[in-house]
Amino acid sequence: MDFLKFDAEKCSLCGLCIEKCPFGAISMGKQGIELNENCRMCRICVRECPNQALYFEQKAKKEDKSKWNGILVYAEQEGGEIHPVVYELIGEARKLAAPVDYQVYAVMVGPAGTAANAGKLLQYGVSEVFVYEHEGFAGFKADCYTDAVADCISSLKPSVVLVGGTSLGRSLAPRLSTRFHTGLTADCTKLEMKANTDLVQIRPAFGGNIMAQILITNSRPQFATVRYKVMDKAEKVETPTGRVTLCPVTDLMVQSRIQVLSARILEHEKSIEEEDVLVVAGRGAVKALDQLKELADLMGGQLCFTRPMVESGYGDTAHQIGLSGRTVKPKLIMTFGVSGAIQFTACMNGSECIVAVNSDPEAPIFRLASICVQDDLHEVLPAMIEEMKSRKGGE
């Protein structure tokens, strides 16, 4: 954090910059003014300095990679429970850590009960879980959570930080990467670790037409977010050896500029990421939506849509599969009238069984499907529904 410069000849050591900083980012060190990770680069200190001794100089710099070690996973909690994406991040972190002999760590932020949840992660091979537990962390406040995780990163100095691509994670990760003036790759579909500890972050780009390989070669840490159901869940270890470390929480850390006026618990609706069975309607199935909904209900799943269908008003983004929608990994996914563009297939190709119904023999979805049905879906669908009804009736 060497962006803030000061002219020693002009500085009178009055301490006004320290007093005026609203984020507690400036302190007086042995060599003069020092900056920590709380700096927002708001430049209040520069404006308030009576001697014009402070200025910002933002340059690309090269970190000493040997000082940044290990992989840190942000362990998100939802409704008092660990979010399932955390176990997938830990599994991926362990794979990445093995070739470079890194340790896998986790950080948790939350109210009472967080430390108890932290212990659950040790059985998945995490070396140490850092816990910031305080009633001030009840309910997600982006500024407070960022302060806590940034404090952990500053102390631990991990080479890589993995965050779930959830609503909370998408709010937290960019704030953290900005704090440390480093890069962030969102919605990675694949991660690889190079021998020099550079993380190869792979994700679709240009509308899914290419798979981009993104590297952060000079800065540290390397931030990446990964959606739920993209990576494999971590396996439990036979003899856990990790530990839970309670980290001090300062009053400043839980002071938020966000004021919660009211809060209520929404009734949880099962998302398509959690479903074992999905039925997908593509552009070729516009006239069969009622039948597809019936089939989905009979199979105990949900009806989903491709992006063109959502843009045409037939569905919503909560039920959209694709780069601009959701990533799914069900046991069974059945597509009807779906051509299979990469923007769609990249977000469902991890499904255990893919059944594709399409009248076009050249449809790209057939190259991915486990079972290919080249036929008119309006002929196939009624037969499937009748078959499901007969099976239901026989149970």
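See the structure printed just above.
Here the structure is a predicted model, which is why all the values come from computation and not from measurement.

Student: What exactly am I supposed to notice about the nonpolar core here?
Tutor: Considering soluble globular proteins, one finds that nonpolar side chains tend to be buried as a cluster. Core analysis: the biggest nonpolar cluster contains 35 residues, and Ile 71, Leu 121, Val 129, Leu 162 and Leu 191 have the highest contact counts within it. Mapped by element, the contributors of at least two residues to this core are β5 (71-74), α3 (85-97), β8 (104-110), β9 (128-133), β10 (160-164), β12 (190-193) and β15 (222-226). Setting aside its immediate chain neighbours within four residues, Ile 71 contacts Ala 93, Leu 96, Ala 97, Tyr 102, Gln 103, Val 104, Tyr 105, Val 160, Leu 162 and Met 193. Counting 27 residues, the second largest nonpolar core, distinct from the first, contains Tyr 105, Tyr 145, Leu 176 and Met 253.

Student: In this structure, what is going on with helix α5 (residues 142-156)? I would like to understand it.
Tutor: An α-helix turns once per 3.6 residues; consequently, residues spaced three or four apart project the same way. Its 15 residues place the ends of α5 21 Å apart at the C-alpha level, agreeing with the 21 Å of an ideal helix rising 1.5 Å per residue. When you tally the buried positions in α5, you get eleven out of 15 residues, the bulk of the element. Among all positions of α5, only Ala 142, Asp 143, Cys 144, Tyr 145, Thr 146, Asp 147, Ala 148, Val 149, Ala 150, Cys 152 and Ile 153 are buried. Each element contacted by the buried residues of α5 is listed here: β5, β8, β9, β10, α6 (167-179) and β15. One or two residues past the end of α5 sits Lys 157, with phi positive at roughly 55 degrees.

Student: Teacher, can you tell me more about the packing of aromatic side chains here?
Tutor: Think of a pair of aromatic rings as described by two things: how far the centres are apart, and how the planes are tilted against each other in angle. Evaluated as defined, the whole model comprises four aromatic pairs. Ring centres of Tyr 87 and Tyr 124 lie 4.8 Å apart, and the angle between their planes is 55 degrees; on these two criteria the pair is classed as tilted. Remark: Tyr 124 occurs in the loop between α4 (114-118) and β9 and Tyr 87 occurs in helix α3; sequence separation between them is 37 residues. Here Phe 140 and Tyr 145 contribute two aromatic rings whose centre-to-centre distance is 5.0 Å and whose plane-to-plane angle is 75 degrees, an arrangement assigned as edge-to-face. Note on Phe 140: relative accessible area 33%, which makes it partly exposed. The ring of Tyr 87 is capped by Lys 233, whose NZ or CZ atom sits 5.4 Å from the centre of that ring.

Student: Before we go on, may I ask you to explain unusual backbone geometry in this structure?
Tutor: Backbone geometry follows two general trends: most residues other than glycine have a negative phi, and most peptide bonds adopt the trans configuration. Cis rather than trans, the peptide bond between Arg 220 and Pro 221 has omega equal to 0 degrees. Among the secondary structure elements, Pro 221 is positioned in the loop between β14 (210-214) and β15. Positive phi values are uncommon outside glycine, yet Gln 52 reaches one of about 55 degrees. Counting through the fold element by element, Gln 52 comes out in the loop between α2 (44-48) and β4 (54-56). Located in the positive-phi region is Asp 187, a residue other than glycine, with phi close to 55 degrees. Within the secondary structure, Asp 187 is located in the loop between β11 (184-185) and β12.

Conventions and cut-offs
- Residues numbered from 1 in each chain as written.
- Predicted model: local features only at pLDDT ≥ 70, side-chain atom pairs only at ≥ 80, totals over all residues.
- Heavy atoms only, no water.
- Core = buried A, V, L, I, M, F, W, Y, C linked by side-chain atoms within 4.5 Å.
- Buried < 20%, exposed > 50% of the residue type's maximum accessible area, 1.4 Å probe, protein only.
- Helix = DSSP H or I, 4+ residues; strand = E, 2+ residues; numbered from the N terminus.
- Contact = heavy atoms within 4.5 Å.
- Expected span 1.5 Å × (residues − 1).
- Phe/Tyr/Trp six-rings, centres within 6.5 Å; stacked < 30°, edge-to-face > 60°.
- Lys NZ or Arg CZ within 6 Å of the ring centre and 35° of its normal.

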